[in-house]
Amino acid sequence: PNNIPTLFSPMSLRHAFSKLSPALKTSVSGARTFAASAAEGGGRKVAVLGAAGGIGQSLSMLMKMNSMVDEVSLYDIAGTPGVAADISHINTTAIAKGYMGDEQLHDALSGCDLVIIPAGVPRKPGMTRDDLFKINAGIVAGLVKACAKACPNALINMISNPVNSTVPIAAEVLKKEGVYDKKKLLGVTTLDVVRAKTFYAAKAGVQVEKVDVPVIGGHAGITILPLFSQATPSAPLSDEDIDALTIRTQNGGTEVVEAKDGKGSATLSMAYAGAMMGDACLQGLAGKKDIVECSYVESPVVPGIPYFATKVVLGPEGVAEIREIGRMTDYEQSWFEKMQPELKASIDKGVAFVNETM
């Protein structure tokens, strides 16, 4: 059709998307275009903490492309002035500013509506998982404490791993600072959903942009449970196919690490997923109705597991509604039972870290 711009058009992405009908925008983006209509609510300041990293650079660029954003605040311990200068040349409305080091963190966060946190270090040779946990837990705790002081009403989207623990860590820090609001703290599990949709569409032979697959639980290994029985459009897949898709979704991160020969991880797809979740939160803040994403939040859905990912409805205050899991197959129920001890242990570890160190 003539109203679809070519990939080689000199128009900016924002301008190109503006030429599409709402239906085509949905078709092109697979959900909601990052270049959403400014009429849906603008003037937002978004901070990316860890903006010089593999996820943070791409995520910062994608948020600059979102027309609901007026300012993208890039923070890291080093390198952010360069990243900010780079993306500031992109011809979209949002201003990009780089902030570096502890002394500039408050300014980076001041006035923010949304804070996205992909900060952390990758695991290095000779480093145990516990070593990695303590380092990243400390980074997250420090950043969230700064959020509590500089932008206590901002939504926080937590990407830093292990998300199963870092969300409880953030909650405990915010509680100690007296500003915790469970509606405003969201663990980003969107990449699990993105993967589940992609893998399911390929196996079922359906258009990926029309697929929906709820993913519940947590954001690591067996705690990731895609509910393919609830996928739409429905497709008659064998038990073997469902098992393979489930395990591939759970091991998606490892698949990328191995494909990169251990020299990198899922940074680009994670940035995309983080931008999708950030966009959903901004649309919720703007009062747009029926904005639904899966997210790892404080939840009453599973007794004894205080944080759990299901579909949530996003609104002007953050999480407006937490949806139930819905009906599961026996196969899904078995994974659901299996994940709970591991998820509970990860939550307890996060809570204990804050109690022991702060």
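A few points on the structure.

A word on the overall build of the protein
Then, in step 1: The number of helices and strands found in the protein is twelve helices and eleven strands.
Then, in step 2: The contacts of the protein with a sequence gap of at least 6 include a subset with a gap of at least 24, amounting to 69%.
Then, in step 3: Carbon and sulfur atoms make up 55% of the accessible area of the protein, which amounts to about 15,700 Å² in all.

Re the nonpolar core
The tendency in soluble globular proteins is for nonpolar side chains to be buried side by side.
Then, in step 1: By size, the foremost hydrophobic cluster in this structure holds 52 residues, and its most contacted members are L49, L109 and V115.
Then, in step 2: Secondary-structure elements contributing two or more residues to this core are β1 (44-49), α5 (105-109), β4 (114-117), α6 (129-150), β5 (155-158), α7 (163-176), β10 (307-315) and α12 (330-357).
Then, in step 3: Here this core gets ten residues from one element, more than from any other, and that element is α6.
Then, in step 4: If we ignore the near neighbours within four places in the chain, the residues touching V115 are A47, L49, L109, C147, C151, A154, L155, I156 and N157.
Then, in step 5: If you look at the next biggest cluster of nonpolar residues, it comprises 39 residues, including M65, V188, I291 and L314.

Quick look at unusual backbone geometry
Then, in step 1: The step from N161 to P162 runs through a cis peptide bond, and the omega angle for that step is -5°.
Then, in step 2: In this structure, P162 sits in the loop between β5 and α7.
Then, in step 3: Here T232 and P233 are connected by a cis peptide whose omega angle stands at -5°.
Then, in step 4: Along the polypeptide, P233 turns up in the loop between β8 (224-226) and α9 (239-250).

Examining the side chain of K64
Then, in step 1: The topology assignment puts K64 in helix α3 (residues 54-64).
Then, in step 2: Lacking a salt bridge, the buried K64 has D70 as its closest oppositely charged neighbour, with an N-O distance of 10 Å.
Then, in step 3: A distance of 2.9 Å separates a polar atom in the side chain of K64 from the backbone oxygen of I90.
Then, in step 4: Every residue in contact with K64, bar those within four places of it in the chain, is listed here: V72, I87, S88, I90, T92 and A94.

Structural notes on helix α11 (residues 268-285)
Then, in step 1: With 18 residues, α11 should reach 26 Å at 1.5 Å per residue; the first-to-last C-alpha distance of 26 Å fits that figure.
Then, in step 2: Counted residue by residue, α11 has 15 buried out of 18 residues, so it is predominantly covered.
Then, in step 3: The positive-phi residue at the C-terminal boundary of α11 is G287, with phi of around 90°.

Details of empty space enclosed by the protein
Then, in step 1: Inspection of every chain in the model, using the stated rule, returns one cavity of 30 Å³ or more.
Then, in step 2: Of the voids in this model, the largest cavity is the one considered here, and its volume is about 90 Å³.
Then, in step 3: Together, C147, A148, C151, P152, A154, I156, L174, V179, Y180, D181, K184 and L185 line the largest cavity.

Conventions we followed
- Residues numbered from 1 in each chain as written.
- Predicted model: local features only at pLDDT ≥ 70, side-chain atom pairs only at ≥ 80, totals over all residues.
- Heavy atoms only, no water.
- Helix = DSSP H or I, 4+ residues; strand = E, 2+ residues; numbered from the N terminus.
- Contact = heavy atoms within 4.5 Å.
- Areas by Shrake-Rupley, 256 points an atom, 1.4 Å probe, with all protein chains shown as cover.
- Core = buried A, V, L, I, M, F, W, Y, C linked by side-chain atoms within 4.5 Å.
- Buried < 20%, exposed > 50% of the residue type's maximum accessible area, 1.4 Å probe, protein only.
- Lys, Arg positive; Asp, Glu negative; His and termini not counted.
- Salt bridge = Lys/Arg side-chain N within 4 Å of Asp/Glu carboxyl O.
- Polar contact = N/O pair within 3.5 Å; in protein donor to acceptor, adjacent residues only side chain to side chain.
- Expected span 1.5 Å × (residues − 1).
- 1 Å grid on protein atoms, 1.4 Å probe; cavity = no way out; pocket = protein on both sides within 12 Å on 5 of 7 lines; lining within 4 Å.
- Points joined across faces, edges and corners; volume = space filled by probe spheres on them.

Any functional reading would require information that these geometric values do not contain.
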